[in-house]
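# Architecture and fold: a report
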Amino acid sequence: MKKMPKKKSKKIGVGAGASVVRDEARFLMNTYKRPPVVFTHGKGCYLYDHRGKKYLDFLGGIAVNALGYAHPRLVRVIRREATRAVHVSNLFHNPYQGPLARKLARWSGMERVFFTNSGTEAIEGALKLARLYARQKTQGAGDKTRILALENSFHGRTFGALAITAPAKYREPFAPLLPGVEFVRFNDTADLEAKFDSTVCALVLETIQGEGGIFPVSEAFWRRARELATQHDAALIADEIQCGLGRTGRYFAYQQLPGLPDIVVVAKPLAGGLPLGAILAREPFAAAFSPGLHGTTFGGGPLVCATALEFLTTVEEENLLANIRARGAELRAGLTKLAAKFDFIRELRGEGLILGLELSVEGGPYVTEALRQGLLINCTHDSTLRFLPPFIISARHVNEFLHKLESVFTKTRRPQKETSPAQASGASSSSAHDFALTATR
Ligand SMILES: Cc1ncc(COP(=O)(O)O)c(C=O)c1O
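Presented here is a report on the structure given in the accompanying data block. Note that the structure is a prediction, hence the values are computed from the model and not measured.

### Comments concerning the nonpolar core
Ranked by size, the top nonpolar core spans 121 residues in total, and within it Ala 130, Ala 202, Leu 203, Ala 235, Ile 237 and Ile 279 carry the most contacts. With nine residues, helix H11 (residues 302-317) is the largest single contributor of residues to this core. Ile 237 has contacts with Ala 126, Ala 130, Ala 202, Leu 203, Val 204, Pro 261, Asp 262, Ile 263 and Val 265, leaving out every residue within four places of it along the chain.

### Here's the deal with helix H12 (residues 320-341)
Here H12 contains 22 residues, and its C-alpha end-to-end distance of 31 Å stays within 8% of the 32 Å for a straight helix at 1.5 Å per residue. Restricting attention to buried positions, one finds in H12 the residues Leu 320, Asn 323, Ile 324, Arg 327, Gly 328, Leu 331 and Leu 335. Viewed end-on, H12 has its buried residues packed into an arc of 120°, placing them on one side of the element. Set apart from the buried face of H12 by more than 90 degrees, the exposed residues are Ala 322, Ala 333, Thr 336, Lys 337 and Ala 340. Structurally, H12 contributes buried residues whose contacts are with H11, strand E13 (345-351), strand E14 (354-359) and helix H14 (395-411).

### Side note on the sheet that holds E14
An order of E13-E14-E17-E16 is seen for the four strands of this open sheet, with the pairing classed as antiparallel. Looking at strand neighbours, the two that pair on one side only are E13 and strand E16 (378-380), the edges of this open sheet. Across the sheet, the mean angle from the axis of one strand to that of its neighbour is 30°, orientation sign disregarded. Of the pairings in the sheet, the one linking E16 to strand E17 (residues 384-387) comprises three bridges and is antiparallel in character. Each residue of the ladder has a partner; that of Cys 379, found in E17, is Leu 385.

### Observations concerning the site of the ligand
The environment of the ligand is made up of 16 residues, and the closest members are Gly 119, Thr 120, Gly 156, Ile 241 and Gln 242. With three residues, helix H5 (residues 119-138) is the largest single contributor of residues to the shell around the ligand. Across the shell around the ligand, the residue classes break down as five nonpolar, seven polar and four charged.

Scoring rules and cut-offs
Residues numbered from 1 in each chain as written. Predicted model: local features only at pLDDT ≥ 70, side-chain atom pairs only at ≥ 80, totals over all residues. Core = buried A, V, L, I, M, F, W, Y, C linked by C-beta atoms within 7 Å. Buried ≥ 20, exposed ≤ 12 C-beta atoms within 10 Å, placed from the backbone. Helix = DSSP H or I, 4+ residues; strand = E, 2+ residues; numbered from the N terminus. Contact = placed C-beta atoms within 7 Å. Expected span 1.5 Å × (residues − 1). Arc of directions from axis to C-beta. Pairing = 2+ DSSP bridges. Axes fitted to C-alpha atoms, helices over the stretch in contact; angles between N-to-C directions. Near = placed C-beta within 6 Å. Nonpolar A, V, L, I, M, F, W, Y, C, P; charged D, E, K, R; others polar.

In structure tokens form, the structure reads like this:
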């Protein structure tokens, strides 16, 4: 009888796990504080560590793994494309950029697309596009180069993105940054009006601030931003890297606000965990680019684009927007009940599957206890617990999450340090639980 091949274990063993942690400590640059857990694989909404312990994942790789782990439709496409051409230079066509751009245009209401490798690279390209458009409009004459961004923002780690990221802790160590950037107080229309004039080429904002603690931009602020951008022929740039592509229960968070942005940037979930971002733009802005002015080696290769196309098609065919809205409502109801029970819960913010629970104490110890109990969440801005589960969660996962979180709240010793509200507090400080905080970014 033919011997069946032995199924390979996905565990790497406790000893191997320890040596991974040792090697990292010795050979990696010191940019992250990680707990001593090595995740070896995942299935659906669960991750497994090197000991085989199972975790319910309500962080989703920080809004990346929108179809969870090893989703059969993505696995099929990745396998297929791996046997064809993983990379084809952007000097040539590949079969997937066109169809993917068409679908993104339909989802977003934008007209043209440029593919990148990450969120921060999409931001850089969007800033270049806005500057270029303004330069062409003014024929290089007037000084239309100023960029407005919002306080409490996060747009990425490269120099342009850092320059429009407000908290000092990200920016100051790397100064001087791109000149000509000014920050507007969050949702403060009067401050926006005072700073917006004809020298502005772009206003960049996260439709829902993510790293800043899940703060949605108000309708009044957005409306005025749209009016002022139109009046001064500047680009209104919506950073939907964290909140876009379905997470709110709409394709884009701005779709419940009046009018469209001029440029939209996306990344995180776009290729289901593979690195892919995109700049989407209305035609008048997109038309500023011509060959040679912008480019990338890796962005938009066939493997990542085919996977992204499958991701978007799966969201459509499996009616995931409806699932996001239904599960989001269940989560909100459950979290509201918890808020009535635990007096250190200050506020619940967000919608769909981008939710933040602001505490009046530091959140790190709760994240640590959650990890111990097999639940992955994170804390941003010292005191906001952030939940970004996959779009495929079921009512059963929501129940499991709520039970686990309640147990975490009950079993964690209440931290002594009281915190001030996230929007008022500005930059966060470090703590012994830093791995749970923004240092993970
Ligand atoms: C709103 C927002 N913009 C930009 C970025 C940067 O994206 P990336 O880490 O892919 O460069 C992030 C990452 O967290 C983000 O949340």
